Amino acid sequence: MCGIIGYVGSENAVPIIVDGLKKLEYRGYDSAGIAVYGRGGFDVVKQEGRLEALEARLAGSPLSGNMGIGHTRWATHGEPSDINSHPHVGSKNKIAVVHNGIIENYKQIKERLEQRGVRFASQTDSEAIAQLAEYYYDGDIMDTVIRVAGRLEGSYALGIMCLDEPDTLIAVKKDNPLIVGVSEHGRFIASDVPAVLKHTNKVYYLNDMEIAVLREGDARFFNFDKEPLEKTPETVTWSLDGAEKGGYPHFMLKEIMEQPKILRDTISSSMTGSNGDIIDGMDAARFGKVVITACGSAYNAGVVAKYVFERLCRISVEVELASEFRYKDAVIDEKTLVILVSQSGETADTIAAMREAKSKGAFTLSIVNVVGSTIAKEADRCLFTAAGPEIAVATTKAFSAQLVILYILAVRFAARLGKVPPGREREMLSEIESLPAKITEILRQVDSIQKYASTCVGYKNIFFIGRNIDYAIALEGSLKLKEISYIHSEAYAGGELKHGTISLIEDETLVVAIANCERLYGKIMSNVEQVISRGAKVLLIGSCLGAEPDGKLYRIILPESGDLFSPSLSVVALQLFSYYVAANKGLDIDKPRNLAKSVTVE
């Protein structure tokens, strides 16, 4: 879950690497460091805390060199500290390494090397890579990397420099993302595209067990048998503007505001563009069951989709946490459609779930935001969200894009299965196409939502309730709030209140109730009355609101919409509410504590 950036070329590597690390902050980190090949060998500066602290250190001790590697660390082995930060250099000062991933057998490697007199400085698993590389090094750095990789158990993306080869940067990966960028003035490695967009939009995506050997004007690729590989660079269509705040105080707010355009682009692609071609090419009748598996917000999108698929297609749908799916020995076969949802396409648990599903013969369909990602490449078919770079750790626009693709897939499948007539299919697709305009209406309520959110910063617990599909989107509202505001929140099905949950309601508790299902409006309002009678205050969000606001109840009125697609409207109001609660608390919204954008380790 760390960020890696490396450069070799004709320019000073230091500002390039520092800028790249800033573009990777969204991945989550607690410390950072940089190593460059200088006149006297490796110059290393490492610092616990935010990048500003590293920049201050560099200002006091300037570095310079035409090759270097940088890293933002999210602690797994060893506490956050300067010494545990990357890059790690072997005890002979011969090889420097940055690492993303987890080395499961590092203790055995460390113990073996210590028995041979190697002295370790840190508590990390990553230092074992640098020390092992120095132990094996015999003058050929590629041979050394291959030998080291053969000993490592776990996952890794590595950037490696060797003192004897001052013009060569090595990269290798297994089960963690790593790209290679090429520009007129040099070559780059990075964990993600935004880190290099300022310099190039031409990138190579490394596959597992591939080695990149980079020099200023050269990028060569090899397998572990040292056989050359032919790879073609891809052109990234994301703009640099997408990775900049554009005048907004936070990326999260910018990304919330971008949703009307993102949805229009994703809907267009999914109805008549490349996604539409894939959807139209699928034989819905071959599947007896659908399984949706994902993590975090992507899982919540799957819960919403379950209601839509089952109501329209009359087919059994299971939604599984990818971290559980991989271990449960799921009952799936060649008649099962397994849908994998992941913004990054690199979520470790979802990758493992995909491979488990494929091993059992299931057909896999992925919904991802990143072209060239592992899930995009390995799934049988892939649908791409048109969200562009999403920098804030808490997802907003990518989640909304995932929802509309799942809606369209469900509608198309239902029509193909003969469950809805052509006229009704057209009506529903038209409803989906109207969502961007309705979201624009919601975004015009920013001031009133912000004003109400400012009164909510003191709550210690906030509960979200809903019925049917409103409960599904309540899960996402609760997650969004706890991610960025650090307020404890839980989502409950409204009908479960009397089965224990209501014991948690007390004076001045806030309950967020979602009401878009007209046929269940009376039921949810009964729940609202029950919590108000026990001292709670209620924020009511929905399109079918008859209750009048008073001292105990505040309303956010949404545009009218059929309940099947209403989650796309509810979630925008929930995102804005969560954002402004966190903003009024003065929190680091784009980089919430302990969280990472892409969870690439188990």
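Draft legend 1. Quick peek at helix 15 (residues 435–443). Those residues of helix 15 that sit buried are L435, P436, K438, I439, I442 and L443. Taken around the axis of helix 15, the buried residues stretch over an arc of 160°, which confines them to a single face. On its buried side, helix 15 packs onto helix 6 (251–257), helix 7 (259–271), helix 13 (397–416), helix 14 (422–433), helix 16 (446–453) and helix 19 (567–584).

Draft legend 2. Region of the structure containing the sheet that holds strand 12 (residues 211–215). Reading across the sheet, the 6 strands line up as 5-6-7-8-12-13 and stay open at both edges, with antiparallel pairing between neighbours. Each edge of the open sheet is held by one strand with a lone partner, namely strand 5 (88–89) and strand 13 (218–222).

Draft legend 3. Geometry of unusual backbone geometry. Geometrically, the link from H86 to P87 is a cis peptide bond, its omega value of 0° lying close to zero. Mapped onto the elements, P87 comes out in the loop between strand 4 (67–73) and strand 5. A positive phi angle is found at K226, which is not glycine, with a value near 65°. Turning to its location among the elements, K226 is positioned in the loop between strand 13 and strand 14 (234–235). The exposure class assigned to K226 is partly exposed, which follows from its relative accessible area of 34%.

Draft legend 4. Broad picture of the packing of helix 4 (residues 127–136) against helix 5 (residues 141–151). Remark: helix 4 packs on helix 5, axes separated minimally by 9 Å, with the N-to-C direction vectors making an angle of 125°. The orientation of helix 4 relative to helix 5 falls into the category oblique. Where helix 4 crosses over helix 5, the two elements pack in a sense that is right-handed. Seen from helix 4, the contacting residues are I129, L132, A133 and Y136; seen from helix 5, they are T144, R147, V148 and R151.

Draft legend 5. Up close: the nonpolar core. Ranked by size, the top nonpolar core spans 125 residues in total, and within it F309, L312, I339, I432 and F577 carry the most contacts. Counting residues per element, this core draws most heavily on helix 13, at 12 residues. Apart from residues no more than four positions distant in its own chain, F577 is found in contact with I449, Y452, A453, C456, L481, L510, V512 and L539. Counting 31 residues, the second largest nonpolar core, distinct from the first, contains Y106, I109, V148 and I211.

What counts and how
- Residues numbered from 1 in each chain as written.
- Predicted model: local features only at pLDDT ≥ 70, side-chain atom pairs only at ≥ 80, totals over all residues.
- Heavy atoms only, no water.
- Buried < 20%, exposed > 50% of the residue type's maximum accessible area, 1.4 Å probe, protein only.
- Helix = DSSP H or I, 4+ residues; strand = E, 2+ residues; numbered from the N terminus.
- Arc of directions from axis to C-beta.
- Contact = heavy atoms within 4.5 Å.
- Pairing = 2+ DSSP bridges.
- Axes fitted to C-alpha atoms, helices over the stretch in contact; angles between N-to-C directions.
- Parallel < 35°, antiparallel > 145°, perpendicular 65-115°, else oblique.
- Left-handed = near helix turned anticlockwise from the far one by under 90°.
- Core = buried A, V, L, I, M, F, W, Y, C linked by side-chain atoms within 4.5 Å.

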